[in-house]
Amino acid sequence: MTIERRLRVVSSGTQAMNTNTAVHVAFATADLRHVDQHFGAAESFAVYAVDPAKAILVEATQFGTPAMDGNEDKLAAKIAALTGCVAVYCQAVGASAIAQLIAQGV
């Protein structure tokens, strides 16, 4: 499993936020609006920078459609895409993915 597309938002056109000091949080999503995906089968992640005043979308990462075959090789690209995130929200996550996320600092 590899990343198919990655969009990084350079400027949202709204009030500036220091995205280097904000907390980054990822959401497993199919439509970039709802947390509706299992971590291992997630079609995409929406990453938001969050500070005490607001949250802004800073990145969207899209993956190919994974086979639900228990093969954990697909997790590496997803975990790598979360570098810098402190948390990921999803509908469910397997034990192996949890261990890998913790090792990555997520």
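Residues numbered from 1 in each chain as written. Predicted model: local features only at pLDDT ≥ 70, side-chain atom pairs only at ≥ 80, totals over all residues. Heavy atoms only, no water.

## A closer look at the overall build of the protein
In terms of regular secondary structure, the protein is built from two helices and five strands. Taken from N to C terminus, the helices and strands of the protein fall in the order β-β-β-β-α-β-α. Here the protein holds 106 residues, and 34% of them are scored as buried. In the protein, the proportion of contacts linking residues at least 24 apart, taken out of those at least 6 apart, comes to 57%. Taken as a whole, the protein presents about 6200 Å² of accessible surface, with 54% of it coming from carbon and sulfur. (Helix = DSSP H or I, 4+ residues; strand = E, 2+ residues; numbered from the N terminus. Buried < 20%, exposed > 50% of the residue type's maximum accessible area, 1.4 Å probe, protein only. Contact = heavy atoms within 4.5 Å. Areas by Shrake-Rupley, 256 points an atom, 1.4 Å probe, with all protein chains shown as cover.)

## Thoughts on the packing of aromatic side chains
Counted according to the given criterion, the structure contains four aromatic pairs. Judged by centre distance (5.3 Å) and plane angle (15 degrees), the ring pair of phenylalanine 27 and tyrosine 89 falls under stacked. With phenylalanine 27 in strand S2 (residues 23-29) and tyrosine 89 in strand S5 (residues 87-89), this pair connects stretches of sequence that are 62 residues apart. Grouping aromatic residues by their ring pairs yields a cluster made of Phe27, Tyr48 and Tyr89. Over the aromatic face of phenylalanine 63 sits the side chain of lysine 78, whose NZ or CZ is 5.3 Å from the ring centroid. (Phe/Tyr/Trp six-rings, centres within 6.5 Å; stacked < 30°, edge-to-face > 60°. Lys NZ or Arg CZ within 6 Å of the ring centre and 35° of its normal.)

## With respect to the side chain of lysine 78
For lysine 78, the location among the structural elements is in helix H1 (residues 75-81). Of the buried charged residues, lysine 78 lacks a salt bridge, with glutamate 43 as the closest side chain of opposite charge at 9.1 Å. A polar atom in the side chain of lysine 78 sits 2.9 Å from the backbone oxygen of alanine 42. (Lys, Arg positive; Asp, Glu negative; His and termini not counted. Salt bridge = Lys/Arg side-chain N within 4 Å of Asp/Glu carboxyl O. Polar contact = N/O pair within 3.5 Å; in protein donor to acceptor, adjacent residues only side chain to side chain.)

## Points about a nonpolar patch on the surface
Side chains of Leu7, Val9 and Leu57 sit close together on the surface and give an oily, nonpolar patch of about 210 Å² of accessible area. With respect to the helices and strands, the residue leucine 57 is situated in strand S4 (residues 55-63). Among the residues examined, leucine 57 registers a relative accessible area of 31% and is labelled partly exposed. (Patch = residues over 30% accessible without salt bridge, like charges linked within 9 Å, V, L, I, M, F, W, Y side chains within 5 Å.)

## Section: the nonpolar core
The biggest cluster of nonpolar side chains holds 21 residues, and the ones touching the most others in it are Ala26, Phe39, Phe45, Ala49, Leu82, Val88 and Leu101. Elements represented by at least two residues in this core include exactly S2, strand S3 (44-50), S4, H1 and helix H2 (95-104). The residues touching leucine 82, leaving out its near neighbours within four places in the chain, are Ala26, Phe39, Phe45, Val88, Leu101 and Val106. (Core = buried A, V, L, I, M, F, W, Y, C linked by side-chain atoms within 4.5 Å.)

Geometry only, nothing functional implied.
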